[in-house]
Amino acid sequence: MRDWQDAWWNALYSNGGFFTRGERPAGHFRTAPLVGPELAEALLVLLDRVDHGLGRPSTVDFVDMGAGGGELAETVLRLAPPRLSSRLRVTAVDLGPSRDIPGVHWFHELPEQVLGLLVGHEWLDAIPCPVITVHNGLIRRVLVDEHGAEQPGPEAGAAERDWLRRWWPGAHRAEVGTTRDAAWAAALARVRGAALAVDYGHLAADRPGDGTLTGYRSGRQVRPVPDGSCDLTAHVAMDACASAAAAGSTVLSTQSAALRALGLTAATPPSGLAATDPAAWLSATAAAGRAHELLDPAGLGGFHWLLQSTAGTPAPQLMRA
Ligand SMILES: C[S@@+](CC[C@H](N)C(=O)[O-])C[C@H]1O[C@@H](n2cnc3c(N)ncnc32)[C@H](O)[C@@H]1O
């Protein structure tokens, strides 16, 4: 038996772990960058606003943090408008193997300084964190074996107990967000401009009572077993991350509201277009379908966006919307 947080880390990120051995997230679950170019297009609108706030510096960064297969970075680079493209530096950061995408810089660690926009798309949920259970008021860490069998372990430390009291009181079982808070705060500290976390998560008002730790393999949700055979993930306490970082301004939004604020619509083309330009009608109809998937409040549209500008830099316009 070992502590869940260690077992989780080992299963995903040790030598030969699920992500370090090069499993592509795209092979196991569908994320918004894989739907089509629409997310990248919206993020380019946001990047343009951040760039404007920074006074259009000679180099502006777009950083895809926890990039997986680098699909988002690749699309952002490909679709950047001329106003950005000549100054744009696109960087992908992942603990897993680098991908060879022309024009995209790959690192295993976040560079010291980012001037522009950092996006962690489904990054924070992949950061292992302590799993606790509460019995008769005693908060204990959960232990797990390689088959996924669990038992209560030692009492949780003061940091976990404090976090739980502040952010998730009343939980019977929970994933304690201290590691995600710290990762987010550390990332934001390297940025001048803005940082955006997009993830499935919860806020104080809607936290489940029993935690959300689960596994994914080949497109299916599976029992979380820390043997390296599946992704392991848990929803992110987005409000806790927001309050951990030293930010100039903060917006917490749903993906659906944020994407609409950046101009995405799922409007279908006029039916007359099918007769006059069938190819254009087909392409616009497909784009509307993809936008619908990104905006659907019961699906990807229900994802949380945490957007924070860094102290001393103007908030991009989404923040005032
Ligand atoms: C759920 S996948 C998301 C991939 C991609 N962003 C997407 O949305 O399709 C999470 C990724 O975050 C990476 N990751 C987790 N912690 C990391 C860290 N501290 N530094 C860099 N990458 C990390 C994992 O290796 C994995 O590829």
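Right above here is the structure, for reference.
Residues numbered from 1 in each chain as written. Predicted model: local features only at pLDDT ≥ 70, side-chain atom pairs only at ≥ 80, totals over all residues. Heavy atoms only, no water.

Caption draft 1: Region of interest: the packing of helix α3 (residues 38-53) against helix α4 (residues 71-79). Direction vectors running N to C along α3 and α4 enclose 60 degrees, while the axes themselves pass 9 Å from each other. Crossing handedness for the pair α3 and α4: right-handed. Between α3, through L39, A40, E41, L43 and L44, and α4, the contact on the second element is made entirely by L72, T75, V76 and L79. Within the contact of α3 with α4, the residues separate by chemical class into seven nonpolar, one polar and one charged. (Axes fitted to C-alpha atoms, helices over the stretch in contact; angles between N-to-C directions. Helix = DSSP H or I, 4+ residues; strand = E, 2+ residues; numbered from the N terminus. Left-handed = near helix turned anticlockwise from the far one by under 90°. Contact = heavy atoms within 4.5 Å. Nonpolar A, V, L, I, M, F, W, Y, C, P; charged D, E, K, R; others polar.)

Caption draft 2: Structural view of helix α1 (residues 4-13). Within the span of α1, buried status applies to W4, A7, W8, A11, L12 and Y13. Backbone nitrogen of Q5 and a side-chain oxygen of the N-cap are separated by 3.0 Å at the start of α1; the cap is D3. (Buried < 20%, exposed > 50% of the residue type's maximum accessible area, 1.4 Å probe, protein only. Polar contact = N/O pair within 3.5 Å; in protein donor to acceptor, adjacent residues only side chain to side chain.)

Caption draft 3: Fine view of the site of the ligand. Surrounding the ligand, one finds 16 residues, the nearest of these being Y13, T31, G66, D94 and H121. Between the ligand and G66 there is a distance of 2.7 Å, counted from a nitrogen atom to a backbone nitrogen or oxygen. Within the side chain of D94, one N or O atom sits 2.7 Å away from an oxygen atom of the ligand. Protein contacts shield 92% of the accessible area of the ligand, which totals 600 Å² for the unbound molecule. Grouping the amino acids of the shell around the ligand by side-chain chemistry returns ten nonpolar, four polar and two charged. (Near = heavy atom within 4 Å. Areas by Shrake-Rupley, 256 points an atom, 1.4 Å probe, with all protein chains shown as cover.)

Caption draft 4: Structural detail: the packing of aromatic side chains. Scanning the entire structure with this criterion turns up five aromatic pairs. On the numbers, 6.5 Å between centres and 80 degrees between planes, the contact of W4 with W8 is edge-to-face. Residue W4 and its partner W8 are both found in helix α1; the two are separated by four residues, about one turn of the helix. No difference in accessibility class separates W4 from W8, as the two residues are buried. Judged by centre distance (5.1 Å) and plane angle (75 degrees), the rings of F18 and F19 are edge-to-face. You'll find F18 and F19 in the same group, each marked buried. Taken together, the ring pairs connect W9, Y13, F18 and F19 into an aromatic cluster. One cation-aromatic arrangement involves R207 over W168; the distance from NZ or CZ to the ring centre is 6.0 Å. (Phe/Tyr/Trp six-rings, centres within 6.5 Å; stacked < 30°, edge-to-face > 60°. Lys NZ or Arg CZ within 6 Å of the ring centre and 35° of its normal.)

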